[in-house]
There are 2 protein chains.
Amino acid sequence: MKIEDLLIVDPVDGEYTGSVKIGKGKIVDIRRYHCTPKAILMPGFVDVHTHGQYGIDTMSAKAENFEEWAKRNFEQGVTTFLPTTVSASFEDILKVEDALAKLPSSIAGLHLEGPFISKEKKGAQNPEHIISVTNGFEQILRYPVKIITAAPEIDGFNRLVGICRKKGIVVSIGHSMATYSVLRRAFEMGIDRITHFPNALSTLHHRELGVTGSGLYLDFNLEIIADGIHSVPEFVDFVYRVKGADRLMLVTDSISATGLENGIYELGGLKLELKGKRAELVESRSLAGSTLLFNDAVKNFRKFTNCSLKELSKVSSYNSLLSLGITGLGRIKEGYTANLALLNEDLTVLKTIFKGEEVYNK
Amino acid sequence: MKIEDLLIVDPVDGEYTGSVKIGKGKIVDIRRYHCTPKAILMPGFVDVHTHGQYGIDTMSAKAENFEEWAKRNFEQGVTTFLPTTVSASFEDILKVEDALAKLPSSIAGLHLEGPFISKEKKGAQNPEHIISVTNGFEQILRYPVKIITAAPEIDGFNRLVGICRKKGIVVSIGHSMATYSVLRRAFEMGIDRITHFPNALSTLHHRELGVTGSGLYLDFNLEIIADGIHSVPEFVDFVYRVKGADRLMLVTDSISATGLENGIYELGGLKLELKGKRAELVESRSLAGSTLLFNDAVKNFRKFTNCSLKELSKVSSYNSLLSLGITGLGRIKEGYTANLALLNEDLTVLKTIFKGEEVYNK
């Protein structure tokens, strides 16, 4: 396959026009030449935090649902993603891990969001299942878990980090009331990412930075939900200006009701109401995850920040892969896997290529 | 007068070694040469927000007290300052203006902090005297007023800005609960500074930036009290990293009890308790201004941020002068007024030179 007359966007080499030739699932040749590009070619998008969409929910999905989800995500240009759990019993979390035993190839693993988080910052998580690091916690830390979101102030956090390090699981700080000194210690231990910043995190104060202030001040990588609801556009732009494009990772945090009609749905045993693009818990009126589709996250971030396309390829793909330690993906460069999103000038996904095969055509 | 073997620090030209010759109150010649400097020479410091020190209070000071205050400030390297009022009746504010009719030459004018501010963010101001922009407000906006701190959300703010603009008075946003949209409008009207950031301002939230978030996000110049009490050191460093040294202005916000012993004092008719370096209102336990001396503000800022000396000369002098539109001061350059602070390597003021005369020698 050869695609001609492209605006090629690489997170390292930047933007240039030319053609890309694909063979045996990889990018085999890139030619640079002057042309009026017919489309934008970016590395396929990566969503490391998503609970579901179109009625599929990580917590109840069967193997075939994950397959279906992967296909749905191709429509969004997403070629790598991590289904994400909510706080639940070990038994229920183990069931999800079993259901994902045979990973569809665009699923890079599982993101456990909880249960070792702060009850005070539960967000839309069911407090019944929120616990500290108790005996037997290791059993849920097995294949295919890639990320676990935990609060650094909970009892046993250091033990959790020790086990995760041995197993190659990335610890991400989230749902946390931690102070600056706790965050600083965690950062110095090598924990370098924060989940859906700044949602469900202690706020910035000038006499206690909290997780929000520490995330901005220290060199953390931040997941961000660019729906304009979880944070207003000017906050997203502010974070972009403070942190720069190298430290941000777009995520959807989408729930199973994403893409469905308004109504009452369920999230981790709690009732939620979907109204327009807003999902709230019925009882507390807390935001209950997003209904964001990844292609919209990409468009929004560009609109909110006026970032370059090169930067957009970092926040939509490259940085998340780096954070997971995944190599060989996320660049448009000879030898890299041909996971690609072809976009029009409005950044709408026209085609998605996965391992060199066209898997979506608008 | 000629001073040899200096580390000369200029906010524009940066740091270099050499000598400075002074004649008729001005810097007349600068020689650059390699040497081991015996002292650091910086532009004299500027404190645009100070309520008093050593028992002197702007609100009750007589002409001779202002003279004494100016002398005391030379000990701190301060060669330009603005005594600052608190919210009070027009009558009392007019009395202060009268007492300052003949300005001691290191006083560049008066800073009115209030009375057109937010009662919700009164800080240590007496709420009895906090008002919106009422009939007759113009009468207090006369010589020698240079700055007025006001809340942009109060009724009549636009009228206030209009009058101030005509009279050459700088409007500074402070003691405010304003939202991002109000701040943005103010910024677009040309208001570009914020008083003692982020104290007595609405806090940052990701769905409403408030004055704190807007001050960081938009291109405002920020006064900052670097005592480690009004904001923790890491917050000061965070603000420095976000805004850069060009947008920060050190102020003391010092009260009359500054430099005095622990005890009960008064501030704008309210009782305050001084304990160590902390001054609190007795009733509410709000911070009641600082007990910071300017030389300590300079040392603290350097310690908190590890900024360069060039940057330190910006935040301690140059930026505040720019913000007031004062030219011919604040640089070490031929033709500039010789207002200078000579410091040792710990940044302790050894000598102060004012209009070419040595006015302090440690």
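Residues numbered from 1 in each chain as written. Chains lettered and ligands numbered in written order. Predicted model: local features only at pLDDT ≥ 70, side-chain atom pairs only at ≥ 80, totals over all residues. Heavy atoms only, no water.

Now for the UniProt feature "binding site: Zn(2+)" (unreviewed entry) in chain A. All names here are of chain A. In this structure's numbering, the residues bearing the UniProt feature "binding site: Zn(2+)" (unreviewed entry) are Glu-113, His-175 and His-196. Across 84 residues, the annotated set stays spatially compact, with a maximum C-alpha separation of 10.5 Å. Lining residues of the largest pocket, restricted to the annotated ones just named, are Glu-113, His-175 and His-196. Structurally, the position occupied by Glu-113 is in strand β9 (residues 110-113). Glu-113 gets classed as buried once you look at its relative accessible area, which sits at 2%. Excluding residues that lie within four positions of it along the chain, Glu-113 makes contacts with His-49, His-51, Thr-84, Thr-85, Val-86, Ser-87, Gln-125, Thr-149, His-175, Thr-195, His-196 and Asp-253. Reaching out from Glu-113, the side chain makes a polar contact with the side chain of His-49 at a distance of 2.9 Å. (UniProt positions renumbered as here; feature names shortened; annotations may be inferred. 1 Å grid on protein atoms, 1.4 Å probe; cavity = no way out; pocket = protein on both sides within 12 Å on 5 of 7 lines; lining within 4 Å. Helix = DSSP H or I, 4+ residues; strand = E, 2+ residues; numbered from the N terminus. Buried < 20%, exposed > 50% of the residue type's maximum accessible area, 1.4 Å probe, protein only. Contact = heavy atoms within 4.5 Å. Polar contact = N/O pair within 3.5 Å; in protein donor to acceptor, adjacent residues only side chain to side chain.)

Residues and elements named next belong to chain A. When cut into domains, chain A gives domain 1 (1-44 + 330-362) and domain 2 (45-327). One C-alpha centre belongs to domain 1, the other to domain 2; they are set 28 Å apart. Taken together, the 27 residues of domain 1 in the interface contact 23 residues of domain 2. Taken together, the two surfaces of domain 1 and domain 2 that pack against each other cover about 1,900 Å², and 70% of this comes from carbon and sulfur. When the area that domain 1 buries against domain 2 is broken down by residue, the three leading residues are Pro-11, Leu-347 and Phe-354, summing to 28%. The tally of links between domain 1 and domain 2 comes to 0 salt bridges. (Domains from an automatic or database assignment. Buried area = accessible area lost by both parts, 1.4 Å probe. Salt bridge = Lys/Arg side-chain N within 4 Å of Asp/Glu carboxyl O.)

Moving on, we come to the relation of the copies chain B and chain A. When chain B is fitted to chain A, the residual RMSD is 0.0 Å, and the transformation amounts to a turn of 180 degrees plus an axial shift of 0.0 Å. Taken together, these values place the two copies in the relation of a two-fold axis. Of every C-alpha in chain B, the one belonging to Val-242 of chain B sits nearest the axis of rotation, 2.9 Å from it. Interface overlap between copies is the fraction of interface residues in one copy that are interface residues in the other; for chain B against chain A it reaches 100%, indicating a shared surface. (Least-squares fit on C-alpha atoms with pLDDT ≥ 70 in both.)

The next point concerns the pairing of strand β2 (residues 14-23) of chain B. Residue and element names in this part refer to chain B. Burial within β2 is extensive, with 7 of its 10 residues counted as buried. Note: strand β1 (residues 2-10) against β2, 7 bridges, orientation antiparallel. Each residue of the ladder has a partner; that of Ile-8, found in β2, is Tyr-16. The antiparallel hairpin formed by β1 and β2 contains 3 residues in its connecting segment. (Pairing = 2+ DSSP bridges.)

By volume, the largest pocket is sized at about 440 Å³. The wall of the largest pocket is formed by 28 residues, among which Gly-123, Ala-124, Asn-199, Ala-200 and Leu-287 of chain A lie closest to the centre. In terms of residue class, the lining of the largest pocket is made up of 9 nonpolar, 12 polar and 7 charged. Taken as a whole, the second largest pocket holds about 370 Å³ of empty space. Looking at the second largest pocket, it is lined by 25 residues, and the ones nearest its centre are Gly-123, Ala-124, Asn-199, Ala-200 and Leu-287 of chain B. (Points joined across faces, edges and corners; volume = space filled by probe spheres on them. Nonpolar A, V, L, I, M, F, W, Y, C, P; charged D, E, K, R; others polar.)

With that out of the way, let us pick up the interface of chain B and chain A. Listed as interface residues are 21 residues of chain B and, on the opposing side, 21 residues of chain A. Here chain B meets chain A over a buried area of about 2,100 Å², counting both sides, of which 69% is carbon and sulfur. Between chain B and chain A we count 0 salt bridges in total. The interface formed by chain B and chain A holds 9 residue pairs in polar contact (both at pLDDT 80 or more) in total. Put simply, the parts of the chain that give the side of chain B that touches chain A at least two residues each are α5 (210-217) and α6 (233-243) of chain B. If you tally residues by element for the side of chain B that touches chain A, the top one is α6 of chain B, at 6 residues. Within the side of chain B that touches chain A, the residues separate by chemical class into 12 nonpolar, 5 polar and 4 charged.

This part takes up helix α4 (residues 180-188) of chain A. Within α4 of chain A the residues assigned to the buried category are Tyr-180, Val-182, Leu-183 and Ala-186 of chain A. Along the axis of α4 of chain A, the buried residues cluster in a sector spanning 160 degrees; they form a single face. For α4 of chain A, the exposed residues lying more than 90 degrees away from the buried face are Arg-185 and Glu-188 of chain A. Those residues of α4 of chain A that are buried lie in contact with β11 (170-173), β12 (193-197) and α5 (210-217) of chain A together with α6 of chain B. (Arc of directions from axis to C-beta.)

Turning our attention to the sheet that holds strand β3 (residues 26-32) of chain B. Residues and elements named next belong to chain B. If you walk across this open sheet you meet the 7 strands as β3-β2-β1-β4-β18-β19-β20, and the pairing is mixed. A strand with exactly one partner marks an edge of an open sheet, and here the two such strands are β3 and β20 (357-361). Pairs of neighbouring strands in the sheet enclose a mean axial angle of 35 degrees, with direction left out of account. Both strand β4 (residues 39-43) and strand β18 (residues 340-343) contribute to a ladder of 4 bridges, which runs antiparallel. Paired with Ile-40 across the two strands is Leu-343, which belongs to β18. (Axes fitted to C-alpha atoms, helices over the stretch in contact; angles between N-to-C directions.)

Moving on, we come to the packing of aromatic side chains. All names here are of chain A. Enumeration according to the criterion identifies 24 aromatic pairs over all chains in this entry. Centroid distance Phe-74 to Phe-354: 5.2 Å. Interplanar angle 45 degrees. Geometry classified as tilted. Within this pair, whereas Phe-74 is found in helix α1 (residues 63-74), its partner Phe-354 is found in strand β19 (residues 349-354), the two being separated by 280 residues in sequence. On the accessibility criterion, Phe-74 (8% relative accessible area) is buried. Taken together, a centroid distance of 6.2 Å and an interplanar angle of 80 degrees make the contact between Phe-90 and Phe-116 edge-to-face. (Phe/Tyr/Trp six-rings, centres within 6.5 Å; stacked < 30°, edge-to-face > 60°.)

For the rest of this paragraph, the subject is the UniProt feature "domain: Amidohydrolase-related" (unreviewed entry) in chain A. Under the feature "domain: Amidohydrolase-related" (unreviewed entry), the UniProt entry names residues 40-359 of chain A. For residues 40-359 of chain A, the end-to-end C-alpha separation is 17 Å, with 28% helix and 24% strand making up the annotated structure.

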